[in-house]
Structure formats: C-alpha cells, structure tokens
Amino acid sequence: MFNHRLPKLNDVLSVYAVIATMLFAWSALLFFWYLPSWMHFMLIGEIAATFSYVIVASFLEGLSFLLFLLVLCFFLPPEYLRDEFAARGTALTLPIIGMIMIYFRITNENIARIIFSVTGLVISLVIVLLFYFLANNPRIKTALAALADRFTVFLYILIPIFVLSLLSIAVQNIF
C-alpha cells in the first residue's frame, strides 16, 4: 500500500549502514574512553553488561534516525528524497550525526553550550543544506551512493554484535 512512498530496501540498508557505523564507532570510542577508570571499581561482568547496553542503545538510536529519514521520505515528494535515497540519505546523515557528535564533544562547559547552541544550529542547517544540494551533482551523488554501499559490509559485523548484546541483556535480566 505504501511501497510507492518508501525507497528500495537496498537503499534503506545502505543508509542504515552509514548511520549504524557512525553511531557504533562513536559509542565504542566513548566506551573505551571510560574503560580504564571503570576497571578500578567494576567487575568484568559489569563492564561487559555496560558494553551490551551501549551497543543496544546505539542500534536503537540508529533505527530511530532511520525512521526519521523514512518518515521524511514518506511525506516529501519522491524527487526530494526517495528517488535517490542512498545518496541523499547519506548526504543528510553525515552532517546531522557528525554535528551531534561535535556538539556533545565540545559542550563540556555551560558557556560553550550556549554559544554552540545558537551558532551551531545555524551552522548545522547550512551544512545540512549544503550537503543535500551538493547531492544533486551527479559525481557527488554517485560518490555518496557508493560510500553508502561500501558501509553495508559493516552491518555483517554490527548486527551479530547487536544480537549477542541483546541476548546478554536478556540473560542478565532473566537470571
């Protein structure tokens, strides 16, 4: 019924691969940043449980961002997003998630949070629009689609890690 409003499954998987790789890499970076201090007061099992929760949260964050893109795709005319979903979805994903990562990395102090929230919003919108309109260039569109397609290989690693983490959480909460 709604198949004519949504992109092809291969394009959706390609864009999700970009989203998941960015979020898993960011989560793993933060996890390993805090790991040395956790080793002083947490047991190995607690650290593994924390890692499982981080992985599952990253997976769900990625799905929610993908759902956001699919809702945009559903409501916008097909030529805006659906027809070239791999390229344009990647063009939206890279700057949005990248700016969120930068925002959370920079804003450790209150004054930086205030400055970045006002100027960062304007800069983020400009970057997102720039990426999106650059995706209309045939060479850049091809490059973005190819990049999204290359990221699909990471799903072969990330999905089994998610399944193992989900099983770990289920076993922890049952026993």
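Everything quoted here is computed from the prediction, not taken from an experiment.

Reading the values: rules and limits
Residues numbered from 1 in each chain as written. Predicted model: local features only at pLDDT ≥ 70, side-chain atom pairs only at ≥ 80, totals over all residues. Heavy atoms only, no water. Core = buried A, V, L, I, M, F, W, Y, C linked by side-chain atoms within 4.5 Å. Buried < 20%, exposed > 50% of the residue type's maximum accessible area, 1.4 Å probe, protein only. Helix = DSSP H or I, 4+ residues; strand = E, 2+ residues; numbered from the N terminus. Contact = heavy atoms within 4.5 Å. Expected span 1.5 Å × (residues − 1). Arc of directions from axis to C-beta. Polar contact = N/O pair within 3.5 Å; in protein donor to acceptor, adjacent residues only side chain to side chain. 1 Å grid on protein atoms, 1.4 Å probe; cavity = no way out; pocket = protein on both sides within 12 Å on 5 of 7 lines; lining within 4 Å. Points joined across faces, edges and corners; volume = space filled by probe spheres on them. Nonpolar A, V, L, I, M, F, W, Y, C, P; charged D, E, K, R; others polar.

**Quick look at the nonpolar core**
Counting 31 residues, the largest nonpolar core has I19, L66, L69, F85 and I97 as the members making the most contacts within it. With 10 residues, helix α1 (residues 9-38) is the single largest residue contributor to this core. Every residue in contact with I19, bar those within four places of it in the chain, is listed here: G62, F65, L66, L69, T93 and I97. Within the second largest apolar cluster, 5 residues are counted, among which are F31, L35, W38 and I47.

**As for helix α5 (residues 138-150)**
Between its first and last C-alpha, α5 extends 18 Å over 13 residues, near the 18 Å set by a 1.5 Å rise per residue. If you check which residues of α5 are buried, you get K141, L144 and A148. Taken end-on, α5 shows its buried residues confined to a sector of 65°, consistent with a single buried face. Structural note: α5 exposes P138, R139, T142 and R150 on the side pointing more than 90 degrees away from its buried face. For α5, the N-terminal capping position is held by N137, with its side-chain oxygen 3.1 Å away from the main-chain nitrogen of R139.

**Some thoughts on the layout of surface pockets**
Its boundaries defined by the atoms lining it, the largest pocket holds a volume of some 310 Å³. As for the largest pocket, its lining consists of 15 residues, and the residues nearest its centre are L23, W26, S27, S58 and E61. Only α1, α2 (44-75) and α3 (85-106) provide two or more residues apiece to the lining of the largest pocket. Take the lining of the largest pocket: its biggest share by element is 6 residues, from α1. In the lining of the largest pocket, the residues fall into 12 nonpolar, 2 polar and 1 charged.

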